[in-house]
Amino acid sequence: MSGKQLFLYISSVVLALAIGSLYGGRLTGWFHPGQAGVSQFLSAAAEGGTSPGSAGNPTPSEPAGARVISYWYDAMNPQHHYSKPGKAPDGMDLVPMYADIPADHPPAGTEGRRILYWYDPMHPQYRADKPGKAPDCGMDLVPKYADSNENNLAPGTVTISADKQQLIGVRTAGVGRESLAREIHTSGQIAADENRIGHVHVKVNGFIEKVYVGAVGQLIRKGQPLFTLYSPDLVATQQEYLLAKRGESKLGSSPFAEVSQGADSLLNSTRQRLQLWDITEEQIRRLDESGEITRALTFYSPVAGFVTDRKAFPQTAVTPETELYTVSDLSTVWINADIYEYEAPFIKVGQPAEMRLSYYPGKVWKGRISYVYPTVDPVTRTLKGRMEFANPGFVLKPQMFADVQLKVDYGNPLVVPQEAVLDSGREQSVFVAHDGGKFEPRKIAIGAKVDGKVVVLSGLKTGETIVTSGNFLVDSESRLKSAMK
């Protein structure tokens, strides 16, 4: 440096110090590295002596003279500290905290608010009655204010800023009513309707002479001839009937009442005996008209259906205990379906049911539950539900396997997404979202779970908003706060 240059530099410094004394020592900050320097000072002095940044607080990029900035913080969330100026997540400018401000000085925007205590933001269970440093991590203790809106909400309520909600993936949904139904799919086996199965017996001893229905599987109608039977008892009763009829014709007009009544009584008792042995009115009428005894009387089917068993053969001696035919009416069939025991509460008599067969694609049969059996299979842990289905055309055949679908209608209950419910096994809870990023834990009573949704029996009402995603992290925050309190 030449002598001339050194002289100019010393002159400038002396001039600056002389003028700086007039401005209360504010010159020092302008010689801070990165600032304008003497030329800016001289320019400001020429304009009236107002130094840059002297009006109000320093700007975020300018230090305030000799004051040292400890950190920068969010005015809305003072516990959030930053190492450099910038914008808070809510868009506001970060505020500097100076080293020469007393430690118990309230952050900007919190003046006049009563502080309950100070706590460690990393370990909220640690409390102190005055500001300072946390013993474990060395962070500044954070004040807890008495007028916090959280005091008006349920214990465990937490406040989570918008940026933190986005970070942990918090999503919410409204609570409302929906039409809810579920379907139970099971399998079953077709069986004949036991109330439509007929067993053919005779009521007298005798011998079968001729058989008209001689094949299992044959479809017969009600009143169709089955076989003829020779019975000595039937022959003797026919003879008694004819004698009683002749006696009634001769003695019925007797002037003695006992005689005429006795003749009528004998005829009626003999006729009633034939009827009780399943002799038809037509056969008795022919006996009246012809007056001749029929050696082998014909017996007719009392029911319609398919012959599923046959023991009637010609020249066979039979007794009342002999079951000659079994006839099944398959116009209506049963399906015995397996229902798991945990699904039993949803099965009721009269409930509609649908059935499908793999070998009849697209065909759906509609029926109803007629009975739920009272016992559970100890091996499969299932119970039987009996369903009735009409069988036009006899397409449905006993022993077929079928797919059964039952619909359970829950009406229009209050529902929430299943992922929104925190289930500890003994109790269930959700987090209700309030304004200002507040989340309140709420215990609820739940009902059925259907297709990712849960019926709420109590604890919530229509229109409330709950957390559906990230609720486990919200729960962690809530538990930490509860432990702190």
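Residues numbered from 1 in each chain as written. Predicted model: local features only at pLDDT ≥ 70, side-chain atom pairs only at ≥ 80, totals over all residues. Heavy atoms only, no water.

1. Some details on the overall build of the protein chain
Counting its secondary structure elements, the protein chain contains seven helices and 29 strands. Counting the 485 residues in the protein chain, one finds 36% classified as buried. Of the contacts formed within the protein chain by residues at least 6 apart in sequence, a portion of 66% connects residues at least 24 apart. Approximately 27900 Å² of the protein chain is accessible, and the part contributed by carbon and sulfur atoms is 54%. (Helix = DSSP H or I, 4+ residues; strand = E, 2+ residues; numbered from the N terminus. Buried < 20%, exposed > 50% of the residue type's maximum accessible area, 1.4 Å probe, protein only. Contact = heavy atoms within 4.5 Å. Areas by Shrake-Rupley, 256 points an atom, 1.4 Å probe, with all protein chains shown as cover.)

2. Focus on the confidence of the model for the protein chain
Atom-level detail of predicted coordinates should not be read off regions where pLDDT is low. Here the protein chain averages 80 in pLDDT, while 78% of its residues score no lower than 70. Confidence drops under a pLDDT of 50 for residues 18-65, and excluding neighbours within four residues, the segment shows 40 contacts in the predicted structure. (pLDDT = per-residue confidence, 0-100.)

3. Things to note about the sheet that holds strand 14 (residues 225-230)
Overall, antiparallel pairing links the four strands, which are arranged 15-14-12-17 in an open sheet. The open sheet has two edge strands with one neighbour each: strand 15 (296-300) and strand 17 (316-318). Strand after strand, the sheet turns through a mean of 40° between neighbouring axes, direction not considered. Looking at chain direction, strand 14 and strand 15 are connected through five bridges and run antiparallel. (Pairing = 2+ DSSP bridges. Axes fitted to C-alpha atoms, helices over the stretch in contact; angles between N-to-C directions.)

4. Thoughts on the packing of helix 4 (residues 232-251) against helix 6 (residues 281-290)
Between two packed helices, both the angle of their axes relative to each other and the distance between the axes serve to describe the pair. Direction vectors running N to C along helix 4 and helix 6 enclose 55°, while the axes themselves pass 11 Å from each other. Our classification of the angle between helix 4 and helix 6 gives oblique. Handedness of the helix 4/helix 6 crossing: right-handed. Taking contact as the criterion, the partners of Gln238, Tyr241, Leu242 and Lys245 in helix 4 are, on helix 6, Ile284, Leu287 and Asp288. Here the residues of the contact of helix 4 with helix 6 sort into four nonpolar, one polar and two charged. (Parallel < 35°, antiparallel > 145°, perpendicular 65-115°, else oblique. Left-handed = near helix turned anticlockwise from the far one by under 90°. Nonpolar A, V, L, I, M, F, W, Y, C, P; charged D, E, K, R; others polar.)

5. A look at the pairing of strand 22 (residues 382-390)
Every other side chain in a regular strand lies on the same face of the sheet, so the side chains alternate between the two faces. Relative to strand 22, strand 19 (residues 332-340) runs antiparallel, the two sharing nine bridges. Looking at the pairing, aspartate 338 lines up with lysine 384 of strand 22. Between strand 21 (residues 365-376) and strand 22, which pair antiparallel one after the other, the connecting turn spans five residues, and arginine 381 there sits at a positive phi close to 55°.

6. Examining the packing of aromatic side chains
Within the structure shown, the criterion is met by nine aromatic pairs. An angle of 15° between the planes, with centres 5.6 Å apart, marks the rings of phenylalanine 227 and phenylalanine 299 as stacked. Here phenylalanine 227 is found in strand 14, whereas its partner phenylalanine 299 is found in strand 15, with 72 residues between them in sequence. On the basis of relative accessibility, which here comes to 1%, the residue phenylalanine 227 falls in the buried class. Ring geometry for tyrosine 340 against tyrosine 342: centres 6.0 Å apart, planes inclined by 15°, an arrangement best described as stacked. Look at tyrosine 340 and you get partly exposed, because its relative accessible area is 45%. (Phe/Tyr/Trp six-rings, centres within 6.5 Å; stacked < 30°, edge-to-face > 60°.)

7. Some details on the nonpolar core
Of all hydrophobic cores here, the largest spans 27 residues; its most connected members are Phe227, Leu229, Leu324 and Tyr325. For this core, the secondary-structure elements that each account for two or more residues are strand 14, helix 4, helix 5 (257-276), helix 6, strand 15 and strand 18 (325-328). Ignoring any residue separated from it by four or fewer positions in sequence, one finds phenylalanine 227 in contact with Val200, Val202, Ile208, Lys210, Val211, Tyr212, Leu297, Thr298, Phe299, Leu324 and Tyr325. Membership of the second largest hydrophobic core comes to 24 residues, among which are Leu357, Leu396, Met400 and Ala402. (Core = buried A, V, L, I, M, F, W, Y, C linked by side-chain atoms within 4.5 Å.)

8. As for the environment of asparagine 412
Along the chain, the position of asparagine 412 falls in the loop between strand 23 (401-411) and strand 24 (414-417). Spatially, the C-alpha atoms of asparagine 412 and alanine 181 are 9.2 Å apart, while their sequence positions differ by 231 residues. Among the polar contacts made by the side chain of asparagine 412, one reaches the main-chain amide nitrogen of glutamate 178 at a distance of 3.3 Å. (Polar contact = N/O pair within 3.5 Å; in protein donor to acceptor, adjacent residues only side chain to side chain.)

9. Some remarks on the pairing of strand 19
Alignment of strand 10 (residues 180-192) against strand 19, held across five bridges, turns out to be antiparallel. Across the sheet, alanine 191 pairs through a bridge with tryptophan 334, a residue of strand 19.

10. Quick look at the sheet that holds strand 20 (residues 352-356)
Read around the closed barrel, six strands run 10-19-22-21-20-23, paired in antiparallel fashion. Averaged over all neighbouring strand pairs, the angle between strand axes comes to 40°, with direction disregarded.

11. Some details on helix 6
Residues separated by three or four positions in an α-helix point in the same direction, a consequence of the helix having 3.6 residues per turn. Where helix 6 is concerned, the buried positions are Gln283, Ile284 and Leu287. For helix 6, the angular spread of buried residues about the axis comes to 100°, placing them on one side. (Arc of directions from axis to C-beta.)

12. Focus on the environment of aspartate 278
Tracing the backbone shows aspartate 278 in the loop between helix 5 and helix 6. With 21 residues separating them along the chain, aspartate 278 and phenylalanine 299 place their C-alpha atoms 7.6 Å apart.

13. Concerning the pattern of salt bridges
Evaluation of the coordinates by the stated rule reveals 23 salt bridges. As a salt-bridge pair, aspartate 93 and lysine 87 come within 2.6 Å of each other at their nearest N and O atoms. Using a relative accessible area of 59% as the deciding quantity, one classes lysine 87 as exposed. The residue glutamate 341 makes a salt bridge to arginine 381 at a minimum N-O spacing of 3.3 Å. Here arginine 381 lies in the loop between strand 21 and strand 22 and glutamate 341 lies in the loop between strand 19 and strand 20, a separation of 40 residues in the sequence. Its relative accessible area of 38% is what places glutamate 341 among the partly exposed residues. (Salt bridge = Lys/Arg side-chain N within 4 Å of Asp/Glu carboxyl O.)

14. Considering unusual backbone geometry
Although it is not a glycine, aspartate 278 sits at a positive phi angle of roughly 70°. A relative accessible area of 34% places aspartate 278 in the partly exposed class. Located in the positive-phi region is aspartate 451, a residue other than glycine, with phi close to 50°. With respect to the element layout, aspartate 451 can be found in the loop between strand 27 (438-450) and strand 28 (453-458). A relative accessible area of 72% means that aspartate 451 is categorised as exposed.

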